[in-house]
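Observations on the three-dimensional arrangement
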Amino acid sequence: QEQEGAVRISCRTLEWAPAVDAAALMQRFGGGGHARAAGALVSGSLDDVRERVLAAGLPVETHGAHAHVTIRTGSERETFWAQRIAFLRANPNAS
């Protein structure tokens with residue numbers, strides 16, 4: 001069930017090192033789950049939540065760490081690799 005003004009976050013991560021703990025990332029937003037699959041429901045716009053997820057991904061200690069994140073409202077949906085994008089924003093010269 002969708003709630004007005006709320007964005008649902010779904011996070012999936014890879015099982016091999018370097019790994020991101022999806023539950024730990026989603027706990028920052030009041031959510032939970034497991035190390036490889038977790039989620040949260042937060043208030044805000046899609047743009048606001050995207051920026052908050054990317055900010056929570058910093059600092060990224062390992063270049064190869066990824067978290068596949070989907071954020072959605074009732075009518076909009078966006079999927080992105082949060083940790084990779086956050087790393088590249090913090091390290092623009094990385095390949």
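Our subject is the structure listed above.
Residues numbered from 1 in each chain as written. Predicted model: local features only at pLDDT ≥ 70, side-chain atom pairs only at ≥ 80, totals over all residues. Heavy atoms only, no water.

1. Here's the deal with the environment of V42
Within the secondary structure, V42 sits in strand β3 (residues 37–43). In this structure, the C-alpha to C-alpha distance between V42 and R8, residues 34 residues apart in sequence, is 6.5 Å. The residues contacting V42, other than those within four sequence positions of it, are G5, A6, V7, I9, F29, V49 and R52. (Helix = DSSP H or I, 4+ residues; strand = E, 2+ residues; numbered from the N terminus. Contact = heavy atoms within 4.5 Å.)

2. Re helix α2 (residues 46–56)
Among all positions of α2, only L46, V49, R50, V53, L54 and A56 are buried. The arc enclosing the buried residues of α2, seen along the axis, measures out at 160°, which places them on a common side. (Buried < 20%, exposed > 50% of the residue type's maximum accessible area, 1.4 Å probe, protein only. Arc of directions from axis to C-beta.)

3. Section: the sheet that holds β3
Pairing is antiparallel across the open sheet formed by 5 strands, whose spatial order is β2-β3-β1-β4-β5. Bordering the open sheet on either side are β2 (32–33) and β5 (77–81), each of which pairs with just one other strand. Judged from the 5 bridges that link them, strand β4 (residues 67–72) and β5 form a sheet pairing that is antiparallel. Following the sheet pairing, V69 is matched in β5 by F80. This element, α2, spans β1 (6–13), β3, β4 and β5 of the sheet and lies at about 15° to β5. (Pairing = 2+ DSSP bridges. Axes fitted to C-alpha atoms, helices over the stretch in contact; angles between N-to-C directions.)

4. Notes on the pattern of salt bridges
Pairs can form between side chains of opposite charge once their charged atoms are near each other. Counted under the stated rule, the structure contains 3 salt bridges. Note that D47 is salt-bridged to R50, the shortest N-O span being 2.7 Å. With D47 and R50 both in helix α2 and 3 residues apart, the pair spans about one turn of that helix. Each of D47, R50 and E51 takes part in salt bridges that share partners, so that together they form one network. (Salt bridge = Lys/Arg side-chain N within 4 Å of Asp/Glu carboxyl O.)

5. Here's the deal with the environment of G44
Among the secondary structure elements, G44 is positioned in the loop between β3 and α2. Take G44: its relative accessible area is 28%, and that puts it in the partly exposed class. Distance in space between the C-alpha atoms of G44 and V7 is 6.6 Å, their sequence separation being 37 residues. Those residues in contact with G44 that lie beyond four places of it in its chain are G5, V7 and V49.

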